[in-house]
Amino acid sequence: MLMKDLPVPLWLILTEALKIRIIPGHYKLPDIEKDIAKIKAGYKGELILSHFVNQLPHDKYYIFHDLQLVHNGIHFQIDTLLITRNYILIIEAKNIKGTVLFDNVFNQLIRYNNDGTEDVFEDPRVQAKRLCKLLGGILAANGLNFLPIDHLVFFSSTKTILKTNTNDYRTLEKVCKGRDLFSKIEGLEKTYTQPRVNDNTIIDLAKFLFSNHSPMKIDILKEYSLSSNDIRTGVCCPKCLHIPMTYLKRRKWHCPVCDFISNDAFIAGVRDYFLLIKPSITNTECRSFLHIPTIDTAQKLLFQLNLPSSGSKRGRLYFPHSIEFPVLSERTSLKSGREVPHAFYNKK
Ligand SMILES: [Zn+2]
């Protein structure tokens with residue numbers, strides 16, 4: 001049973017909004033673009049993993065994607081968690097292209113690039129073991145440690161060449177690639193043959209995990225040592241990404257570069273404000289950020305979004321519906337351009 005879907009990573013949403021809004025030619029732009037490529041690669045790996053895992057028998061496997069928990073002050077994220085009546089399985093997804101070597105001497109992962117350079121990553125086996133410990137810790141602390149916890153490391157690209165500098169291949173038994181995931185899971189089913197809990201206990205576990213799911217709060221400007229002065233204000237053209245569009249009248253904007261006329265491009269602008277500046281907005285802030293000429297127009301636009309709000313008249317604060325923007329769609333998330341997740345403005 002699919003218990004928790006895979007959302008578009010908040011990091012990706014934030015860095016893409018930042019890339020569009022940052023002043024053109026800014027010296028931080030190459031870093032942001034590099035990070036976006038990395039996050040997209042990771043997300044793609046998680047999507048491929050979710051595609052495989054969602055094929056497992058739904059009566060046997062309770063599936064959770066992207067669980068974020070805190071134990072003893074440590075925030076940790078589990079790409080994919082499977083709960084069965086017999087055991088719990090943590091799967092760590094990796095999307096690393098080329099040739100990678102598991103260095104068993106220093107417990108690190110080395111990628112050999114075509115240009116002769118090398119990149120070093122933390123050994124994902126070490127990461128996955130650490131996640132098992134943290135999850136075990138939080139479940140034990142809450143009297144929910146009924147099931148043994150195991151792990152796998154999944155490489156999403158079948159073209160990845162995996163190597164190791166040891167002859168002891170047992171150290172790689174938790175590592176798999178592509179569809180080999182299914183044979184690894186079959187192997188684990190032969191290890192954990194004894195049912196230890198019933199479905200009701202699994203539902204209790206699921207409720208606990210949901211209520212403790214804590215998405216990390218990210219101040220993206222702070223992460224890149226930027227301030228609001230580095231951000232361009234105005235409505236962004238959904239066609240050519242020019243900022244700012246010019247306000248015409250009757251809640252319509254015109255792009256001076258590509259001539260596109262839009263009556264809803266401001267929605268992405270309000271969302272950018274929430275993502276980059278702060279998670280609330282007033283009428284005055286909205287007018288200033290989106291270059292809206294009058295209080296009345298700004299009020300009508302904010303009303304149109306049906307956002308949660310508090311306070312009244314001038315001091316009214318509007319809030320986003322959801323911080324996490326839970327949408328699962330490769331189409332929306334892996335392409336460039338502006339698409340506002342429906343959860344942002346349709347949720348009532
Ligand atoms: Zn345009």
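Residues numbered from 1 in each chain as written. Predicted model: local features only at pLDDT ≥ 70, side-chain atom pairs only at ≥ 80, totals over all residues.

Draft legend 1. Fine view of the overall build of the chain. Looking only at helices and strands, one finds 11 helices and 15 strands in the chain. Across its three principal directions, the C-alpha atoms of the chain cover 70 × 55 × 35 Å. Here the contacts in the chain between residues at least 6 apart in sequence split such that 61% fall between residues at least 24 apart. (Helix = DSSP H or I, 4+ residues; strand = E, 2+ residues; numbered from the N terminus. Contact = placed C-beta atoms within 7 Å.)

Draft legend 2. Layout of the domain arrangement of the chain. In terms of domains, the chain is made up of domain 1 (2–212) and domain 2 (233–346). One C-alpha centre belongs to domain 1, the other to domain 2; they are set 34 Å apart. (Domains from an automatic or database assignment.)

Draft legend 3. Inspection of the sheet that holds strand β3 (residues 74–83) at higher detail. Ordered by their spatial adjacency, six strands build an open sheet running β1-β2-β3-β4-β8-β10, and the pairing between neighbours is mixed. Two strands close off the open sheet at either side, each with one partner strand: β1 (2–4) and β10 (175–177). Within this sheet the neighbouring strands show an average axis-to-axis angle of 35°, counted without direction. One ladder, built from four bridges, connects β3 with strand β4 (residues 88–94); its direction is antiparallel. Along β4, the bridge assignment pairs Thr80 with Ile91. The sheet contacts of helix α2 (residues 29–53) involve β2 (62–71), β3, β4 and β8 (149–155), and relative to β3 the element is tilted by about 30°. (Pairing = 2+ DSSP bridges. Axes fitted to C-alpha atoms, helices over the stretch in contact; angles between N-to-C directions.)

Draft legend 4. The arrangement of unusual backbone geometry in detail. Cis geometry marks the peptide bond from Ile243 to Pro244, where omega comes out at 0°. For Pro244, the location among the structural elements is in the loop between α6 (220–223) and β11 (246–247). Despite not being glycine, Ser225 has its phi angle at roughly 50°, a positive value. Positionally, Ser225 belongs in the loop between α6 and β11.

Draft legend 5. Spatial organisation of the nonpolar core. Counting residues in hydrophobic clusters, the biggest one holds 36 residues, and the most contacted among them are Leu81, Ile90, Ile91, Leu135 and Phe154. Listing elements by their share of this core, those giving two or more residues are α2, β2, β3, β4, α3 (124–141), β8, β10 and α5 (199–212). By residue number, the principal contributor to this core is α3, which donates six residues. Beyond its immediate stretch of four places on either side in the chain, Ile91 contacts Leu49, Asp79, Thr80, Leu152 and Phe154. One finds Met245, Leu290, Ala298 and Leu302 within the second-largest nonpolar core, a separate group that totals 31 residues. (Core = buried A, V, L, I, M, F, W, Y, C linked by C-beta atoms within 7 Å. Buried ≥ 20, exposed ≤ 12 C-beta atoms within 10 Å, placed from the backbone.)

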